[in-house]
Every structure is written in structure tokens, then in C-alpha cells.
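These are the residues of each chain, in order.
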Amino acid sequence: VMVDFYFDFLSPFSYLANHRLSVLAGRYGFSIQYHAIDLARAKTAIGNIGPSNRDLKVKLDYLKVDLQRWADLYRIPLVFPPNFNSRRVNAGLYYPAARERAAEYVRLVFDSAWGKGWALDADSLLAEVCDKLNWDLGEFEDFLNSENAAKAYDEETQAAIDRKVFGVPTVFWDDQMWWGNDRLFMLESRLQKETQP
Ligand code: GSH
């Protein structure tokens, strides 16, 4: 079984979903194909041009309570980062050396950004990730500034839009799609039905 996971590092619900998905992957033995995409572009593509949740104070106040409840349920920390500039870390998933280590890369970035509240565009975050993964920081930064990175990020986002991904976190198993950390129990229920002997 292979599950496609679409996310943007700026999304706290994606942070929660990434945690839960890796637990489920261990339990049910499926692999995860990671896709970092530009959420703003996916929203614009379907005409979702209203204000972001982060500009709706009353809703944002509720969402912060909701997110904390989920984090408590999962027993993981949740700290809001100071900005949402996810472009570089999203494109970083397409660094050639990240191919075989996608799960580690994704977990490291999410844990720094949403577990510790580090700025998504901080050089120190990139340095930490490179340190943990044994990557050369200069090489990684060169990739992030390259045409190849921009092209891969653009193509992955377009492929997601073509698949009708309009928000994150979104998971696919075959042609079935679920949007939201809070829908992962539905994926789990299908896994239970179809992977138990
Ligand atoms: N109920 C969902 C969950 O539990 O994950 C909420 C997910 C959510 O609001 N995601 C935002 C999104 O995709 C990004 S953090 N927004 C697009 C939309 O609302 O259509």
C-alpha cells in the first residue's frame, strides 16, 4: 500500500497529520510518498481567494484551541512559528539527497517549525536539518536557489492541482482522497478493512 501525502510546511494541520500518518504507516506497513506544495497557489487555482484563517482573528483563536487539543491528543508539542514563509523548506523536499530520506526531512522540518516554533525561513533551521542529515549546508542552499528547485516545486504543485488538491493536509490511497488531519481516521478504517488477513 502506498499513500500520497500533500502538505505545505506552513500548515499546522499538516504537522499534526504528518505525525499521525507516520504512526499509521508503522502500524499498517504502508509507504508514504511526500509532496510539498504551494498551498496558496492550490487555493487560488480553485477560486478560493477569501481571507486566510490567520487574518480572521475570531476563527484563528478557535483554531489555536483546536490545534492544541490535537497536539495534546497526539502528545506532541505545538508552537506557532513567527512567519509562514515555507517556500524554501517546501522546495527542499526535492533536493536529490532528500529522495531516500524524505520521511526524516519532513519530520525534522515540521518538528523545528511547529514543534519548536522556529521561523520557517530561518537559516538556523536549514543548518539544523543539514546537520542532522549530514548534508552540506552550502550545497543544499545552492539547490534551494536553483532553477531545478523552482521547477520541481512548481511541477509538484501543478500535479497536485491537476489531482484536485485544494487544501492541506491531503492524503490519497488510490483514487480516494481525504482532506484534513481530522479525516485520517477514515483512512485508518479503510486500512483496517483492507490490510487485515
Ligand atoms: N479540518 C482540517 C484538519 O483537521 O486538518 C482543517 C485543515 C485546514 O484548515 N487546512 C488549511 C487549508 O487547507 C491549511 S492549514 N485550507 C484550505 C481550505 O480551507 O479550503
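Everything that follows concerns the structure shown earlier in this document.
Below or above, wherever it landed, is the structure these notes cover. (Residues numbered from 1 in each chain as written. Predicted model: local features only at pLDDT ≥ 70, side-chain atom pairs only at ≥ 80, totals over all residues. Heavy atoms only, no water.)

Considerations on the packing of aromatic side chains
(1) Moving on: Enumeration over the complete set of coordinates arrives at 18 aromatic pairs.
(2) Moving on: With 6.1 Å between their ring centres and 75° between their planes, Tyr 105 and Phe 140 make a pair best called edge-to-face. A residue pair is termed long-range when its members are at least 10 positions apart, and Tyr 105 in helix α5 (residues 102-115) and Phe 140 in helix α7 (residues 137-144) qualify at 35 residues. An identical accessibility class is assigned to Tyr 105 and Phe 140; each is buried.
(3) Moving on: What links up through ring pairs into an aromatic cluster is the set Phe 5, Phe 7, Phe 9, Tyr 15, Tyr 34, Tyr 95, Tyr 105, Phe 110, Trp 135, Phe 140 and Phe 143.
(4) Moving on: Taking NZ or CZ as reference, Arg 54 lies 4.5 Å from the ring centre of Phe 84, over its face.
(5) Moving on: When the ring centre of Trp 173 is taken as reference, the NZ or CZ atom of Arg 190 above it lies at 3.9 Å. (Phe/Tyr/Trp six-rings, centres within 6.5 Å; stacked < 30°, edge-to-face > 60°. Helix = DSSP H or I, 4+ residues; strand = E, 2+ residues; numbered from the N terminus. Buried < 20%, exposed > 50% of the residue type's maximum accessible area, 1.4 Å probe, protein only. Lys NZ or Arg CZ within 6 Å of the ring centre and 35° of its normal.)

Considerations on the sheet that holds strand β3 (residues 170-173)
(1) Moving on: One open sheet holds the 4 strands; their spatial order is β2-β1-β3-β4, and the pairing between them is mixed. The sheet is open, and its two borders are formed by β2 (31-36) and β4 (176-179), each paired with just one other strand. Averaged over all pairs of adjacent strands, the angle between their axes in this sheet comes to 20°, without regard to strand direction.
(2) Moving on: Bridging between strand β1 (residues 2-7) and β3 involves 4 bridges; their strand directions are antiparallel. The partner of Val 3 across the bridge, within β3, is Trp 173.
(3) Moving on: Most of the contacts of helix α9 (residues 184-195) go to β3, to which it runs at about 15°, and overall it touches β1, β3 and β4. (Pairing = 2+ DSSP bridges. Axes fitted to C-alpha atoms, helices over the stretch in contact; angles between N-to-C directions. Contact = heavy atoms within 4.5 Å.)

Looking at the pairing of β4
The side chains of a regular strand alternate between the sheet's two faces.
(1) Moving on: Alignment of β3 against β4, held across 4 bridges, turns out to be antiparallel. Within the sheet, the bridge partner assigned to Thr 170 lies in β4 and is Trp 179.
(2) Moving on: Linking two consecutive strands that pair antiparallel, namely β3 and β4, is a turn of 2 residues; a positive phi of about 55° is found at Asp 174 within it.

Everything listed is a geometric property; what it means functionally is a separate question.
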